[in-house]
Structure formats: C-alpha cells, structure tokens
Amino acid sequence: MGRHSAPEADDAAAAQTGEPLLQVDDLHVEFRTGDGVAHVINGVSFDLRAGETLAVLGESGSGKSVTAQAVMGILDTPPGHVTRGAIRFHGEDMLRMSGTRRRQIRGKRIAMIFQDALSALNPVFTVGWQITETLRKREGMSKKDADERAVELMDLVRIPAARDRLKSFPHQFSGGMRQRVMIAMSLAERPEIIIADEPTTALDVTVQAQIMDLLGDLRRELGTALILITHDMGVVADVADRIAVMYAGRIVEHADVHSLYRNPAHPYTIGLLDSIPRLDDKGKRLRTIPGLPPNLTAIPSGCPFHPRCPFAQDICVTRVPPNMDLGGGRRSECHFADRIVTGELTRPDQEDE
Amino acid sequence: MARYIVRRVLQMVLAFFGTTLLVYWLMFAASGDPIAALAGERPLSESTRAALIQEFHLDQPFLVQYAYYMKGLLTLDLGVNTSGREIGELVASAWPWTLRLALLAFVFVVVAGIALGVIAGTRRGGAFDNTTLVLTLVVISIPVFVIGQVLALVGARYDLFPTNVVGDDSLAALIVPALVLGSLSLATTVRLARTSVTENLRADYVRTARAKGLIHRRIVGVHVLRNSLIPVITFLGVELGSLMGGAIVTEKIFNVPGIGFQLYKAISIEDGPTVVTIVSLLVIVYLVMNLIVDVLYGVLDPRIRYE
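Residues numbered from 1 in each chain as written. Chains lettered and ligands numbered in written order. Predicted model: local features only at pLDDT ≥ 70, side-chain atom pairs only at ≥ 80, totals over all residues. Heavy atoms only, no water.

Examining the UniProt feature "transmembrane region" (unreviewed entry) in chain B
Residues and elements named next belong to chain B. As recorded in UniProt, the feature "transmembrane region" (unreviewed entry) lies at residues 12–30, 101–121, 133–158, 170–193, 228–249 and 278–300. The span residues 101–121 carries 100% helix and 0% strand; its end-to-end C-alpha distance comes to 29 Å. Taken as a whole, residues 133–158 contains 88% helix and 0% strand, while its terminal C-alpha atoms sit 30 Å from one another. (UniProt positions renumbered as here; feature names shortened; annotations may be inferred. Helix = DSSP H or I, 4+ residues; strand = E, 2+ residues; numbered from the N terminus.)

Section: the environment of D129 of chain B
All names here are of chain B. In this fold, D129 is placed in helix α6 (residues 127–141). Placed 37 residues apart in sequence, D129 and V166 show a C-alpha to C-alpha distance of 39 Å. Not counting chain neighbours up to four residues away, the residues in contact with D129 comprise A120, R123, R124 and R194. (Contact = heavy atoms within 4.5 Å.)

Details of the interface of chain B and chain A
In this complex, chain B contributes 19 residues to the contact, which on the side of chain A involves 27 residues. Together chain B and chain A conceal approximately 2200 Å² of surface at their shared face, both sides included; 58% is due to carbon and sulfur atoms. For the pair chain B and chain A, the number of links is three salt bridges. Its salt-bridge partner being E133 of chain A, residue K212 of chain B comes within 2.8 Å of it at the nearest N-O pair. Where chain B packs against chain A, one counts 16 residue pairs in polar contact (both at pLDDT 80 or more). Mapped by element, the contributors of at least two residues to the side of chain B that touches chain A are α9 (204–211) and α10 (216–245) of chain B. Looking at the side of chain B that touches chain A residue by residue, the class counts come to eight nonpolar, four polar and seven charged. (Buried area = accessible area lost by both parts, 1.4 Å probe. Salt bridge = Lys/Arg side-chain N within 4 Å of Asp/Glu carboxyl O. Polar contact = N/O pair within 3.5 Å; in protein donor to acceptor, adjacent residues only side chain to side chain. Nonpolar A, V, L, I, M, F, W, Y, C, P; charged D, E, K, R; others polar.)

A closer look at the UniProt feature "domain: ABC transporter" (unreviewed entry) in chain A
According to UniProt, the positions carrying the feature "domain: ABC transporter" (unreviewed entry) are residues 22–273 of chain A. As annotated, residues 22–273 of chain A comprises 40% helix and 28% strand, and the C-alpha atoms at either end are separated by 28 Å.

What about the sheet that holds strand β7 (residues 193–197) of chain A?
Residues and elements named next belong to chain A. Spatially, β6-β7-β8-β3-β9-β10-β12-β11 is the arrangement adopted by the eight strands of the open sheet, whose pairing is mixed. Every other strand in the sheet has two partners, leaving β6 (110–113) and β11 (324–327) as the edge strands with one partner each. The average undirected angle you get between the axes of adjacent strands in this sheet is 20 degrees. Across three bridges, β11 lies against strand β12 (residues 330–332) in antiparallel orientation. Residue pairing across strands places G327 opposite R330, the latter belonging to β12. Contacts from helix α8 (residues 175–187) reach β6 and β7 within the one sheet, and its direction differs from that of β6 by about 170 degrees. (Pairing = 2+ DSSP bridges. Axes fitted to C-alpha atoms, helices over the stretch in contact; angles between N-to-C directions.)

Here's the deal with the packing of α8 of chain A against helix α9 (residues 205–222) of chain A
Residues and elements named next belong to chain A. Relative orientation of the contacting elements α8 and α9 amounts to 20 degrees, with a least axis distance of 10 Å. Judged on the interaxial angle alone, α9 and α8 are roughly parallel. Classified by chirality, the crossing of α9 by α8 is right-handed. From α8, G176, Q179, R180, I183 and L187 reach across to α9, where they touch V207, Q210, I211, L214, L215, L218 and L222. Residues that form the contact of α8 with α9 fall into these classes: eight nonpolar, three polar and one charged. (Parallel < 35°, antiparallel > 145°, perpendicular 65-115°, else oblique. Left-handed = near helix turned anticlockwise from the far one by under 90°.)

Considering the sheet that holds strand β4 (residues 80–89) of chain A
Spatial strand order, β2-β1-β4-β5 (chain A): four strands in an open sheet with antiparallel pairing. Two strands bound the open sheet, and with one partner strand each, they are β2 (36–48) and β5 (92–93) of chain A.

Here's the deal with the pairing of strand β1 (residues 22–33) of chain A
All names here are of chain A. Note that β1 and β4 share eight bridges and pair antiparallel. Its bridge partner being in β4, V24 is matched across the sheet by I87. With 10 bridges connecting them, β1 and β2 associate as antiparallel partners. Of the residues in β2, the one forming a bridge with R32 is V37. Linkage of β1 to β2, two consecutive antiparallel strands, is achieved through a turn of two residues.

Here's what the structure looks like:
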C-alpha cells in the first residue's frame, strides 16, 4: 500500500540514498497573517531510516513543531502554507498526494504524539474509545476485537490493569499514564514512523524519564522509526541516534549524538550545550544564550544567528552560511564550522568566566 | 450522584415553598380586602362572602391560610377558582395545548439552532456566519410580543396562516406560534452553538483527531460536536422549562388556550386562586427541568463530579 505510482525521478533519488523511510527535502513553510508573512521553515532537509531515532532540537519558535505538522499534513492552512520542497514517504512525495491518500498514511503509517496529553485527548470519550477509534473506523475491526487490541496496546505501554481502565476518561489518569494512553493510541495501527512532539515537556522529571525509556523500548521492540522533537538537551542523549538542531526555521547542525555532544560544530549548539545546568557549576549563574530567537517576519540578514553569536564576524551579517559537509554525515550551517568543530576557534567570552 | 440528587431535591423544596409563599402573599395578603379583589366589581351577598372566607380560611392568620393552600396543592386538590370552577379541570384542559406548543417550539429550536450554529461555527468569518450573526442579533433585539404581533397581523391580513388557534386542533395551526415562541431561544442557541464549535475547533484534541487521519466530517460531527453540545444542552434544558411556562405572550397573541393564556386571563380578572396554582405548577416544572439538566450535565461531561 502506498508504495506504487511514485514518480520516476523520486524513484531514482530513493535508489541513490538506499531508500530512506522519510525524506524531507528543502521544505519551506510560511505563515501568512495580518502582520505579514512569517518565514517559519526556510529550507529544512533531513531523512529518516527504518528504526532510526532522529531528535529535532531547538528553542520555542525554531520551527520544530511546524516541521512535524507539515510532515503529518496537519498544518493549519491558513495561515500555514508549504511553499516549496518535498516530503517523501517511501519515495513518494506526500505533498502531491490526494487528500484521501494522504489521510490513509496519517495516523496509520506515520503517527504522532503530542505534548500535553490532557488537552490532546478528547475529554468526553473514554480512552478505550479513543485508542480503538481508527481500528474500528479504518481497519473495520469489531468493537470486541478492537477492545482486545486496545488492552494489548495498553499493556504494551505498561498501563496497569489495562482492561479495567478501558472505560476510564482521560482526566481520571495521571499525567504520565495519559501520555502512555497517547502512545498506545499512536501505536494502534503499527505505524512505521512515530513523531513525538515534546512528549515529556508537560510531565514531572521522574515521569519524563519513564516515558523516554518507554519510547526507547518500544522503538527497539517494534522497530518503529522515531522523530523526537524537544528543546531539552538532556532528554535526547540516551534515546536519539542523530540530532538535527533547528534555528529560525533551518537545520543549523546535523550530527550523530556522540559527535554533537563531544564536538559541536555550530555556535548555537555550543550555546545550547552550555545552557544545560551542571552539578559542578552549582552556585554560579546559569549560562544562557543572550538575546531572543528572531522575529520570523524579519529574519536577520546573513546567518540568522549572528545577532546572538559570540563568534560573529562581518561575513556573518552579509552572507548566508553554506551548508558545510564535515564528513561522517555531519553538517553545519556556519561560516566557521570547520574551525569550531576542531576546537580551533573558542568562545571569545569564555575567559571571563 | 444519589447524594447530589437528594441535596438538589431538598433545595428544590425550599425554592418551591419560597416562591409559592411569595406569590400567595402577593395575591392575598398584599391586597387590602382579598374578597373584594377576588370578586371584582360584582356585589357579594353575605352568604357568598362567608363561603369564600370559609373556602380560603380568610379568618385565619396568613401563614395558616398558606398552609391550608399548600395542603390542598400537595394532595392534588387544586381547589376552585373565584367563579367556582375546578382549577384542576382548567389546568388539565389547558396543559396539553401548552405542552404541544412548547415541544414544537423546542424541536424547532434544537434542530435549527444546533444545525445553524454548527454550520456557522465551522465557517467562521464566512458569508453564512456573518448573515447568521446579524439575523440572530435582530431576533434577540426585538421583543417577542413585537415579532408575534407583526406575524399575527401579517398572517391575518394576507391569510397566510391561521392566527387564531382556538377551535383548530391541528398541529399545523401551532407552527407559527411555536416559531414565535422559540425565536429568542433559537437565536441564542445558534450563537451559543457557533461560539462553542469555534472554540472547540481550536482545541488540541482536534489536532490529535486530524493526526489520526480521520475524515473532516467525523472530526466535526463526532469529536467537536460532542464537546460543543455541553453548554448548548445545558441552555436548552433550562429553556424547555421556560418555554413550558413562558408562553403567556405567545398564547395570548395567537389565542392558544394553554396555561399561559389561562394565567393571563386569571391575572386580568384578578382570579387569585388560579394565578397562585398555575404559578406554583410552573415553578415545579421549572425546578424539575433544572434538576434534569444538572444531572444530564454530568452524563455529557464526564469531568463533572457530583459531590
């Protein structure tokens, strides 16, 4: 299903890269509002292979969630419009599919988990009803079979006494359990990709760890590919294979987890890593990235990060940095990426502290 | 749940005695000579006067009079009115008319109100939405007796529809009165449903439903509608209570011989016993409807707890 009738050009591209599950290519999204056009996504490209976990990292407003919504096809249009690019699933561009075909992928082959499960679940239906909805409506399962499957799924995400809780409403669960319900719901039709948009942000720290463990285990057991969207550097280290760091609607650095933590190749990544609170820094001021993310209706010229960048030089104001290939699948959009990654260039403000 | 209902029923009892006492006091104790008020212009013979004093216990203190009256009401003996007719009989003949009128108006309000509200809410800012908003505003701004009178006049002059329901048993004759009676509720329902749908369309669970790959019709028709109906049904329940009793103006204009019409007549001839009895019955209907709505609210919204 869904793998035939792909345009030939896409087939060729897919063959070259060994057919990734999902390929996002030069995606542009803008939001057209009364105040002007906000350039929310400005040329995002990444791919995802079967069973792989990609973490998308960035501050609020960097375009992480919008990227996810564009991939899911649930962008609010208006105001959001995909203006350029392709999103290929098994080599076929989903942006050119009919609405009906796209909907058959959505939820079934690519599923999504949202941040706040209390508001993301419908308050007036039981969790059993919500988990089984697509099974009953799309898979044509009987209510009894669907309920059995829901119990299986709830067991899988380790909800205790699953059968008794089928008839419970979302508000009768704790935050962590609610997020498990959300995960169970996303797994209902055995998707190939799960997009988790800040799945732990609304939860207590201990519960956060449990949910991340669960996601890691499920991915190993079921072989599902995972796109993990987060602003929390601490969350991704254990789970992700690769990390894409987003800033102002672009992926500014793309690397495997270990390289990125060891030798970040973009000043923004350095800033993010520095702003993780450390035990041995106790008593000192938390290091932050100065300034605010840019206004997306007026993105700074050149490198969008230059007003906040400790390494910034004249060239950063005038020229958009190239997407530099650092080898080993690492990419960075910084004029000085090659010198930053080797440690040749250090933060000029480092000596002060 | 059971405890909640018991508590609510106790509150209802208090509200019932409070309102009836007030109405009884207004009708009897507040007028100087109740018998003169009851009898109106007619001269009364000494024996009639004595009989009336006997009937309404007018030689007793006010609260005792009230207690006698409540005893009659609660034992379903509604007594006789000032012209000697059984009030129970009067109510029994009037009630079906009011019931039919109210239910017809209610069906009209529910069906048209929710349908129009949902359509307007899903097309917020569109031509349909704006037209609906203006029209409902017009209806809300014009008092019912104006709408009713105008329609009755137009209907009678051009012979479009019956404007005098007395003697016409068909349901068709009640259609225009029901439209008039329900117009205000309809306009409010449309607006309430519209706002509720608009708000719910922005809710996070709608995004989840879309991410599940559900068709738009199901997202709006099941996920959004079910949530949007919570405030609408609450409003409708209370409205049904007032439609049952609040039809005085409409029934008068179209000569529907219902409860409202009888109440109007009783007030104009200062027939105290009838007024008090009908108002007491309306209070009961209203209170019961309110209780049903509150209990229904918990069924509609599982987050509500009765404690």
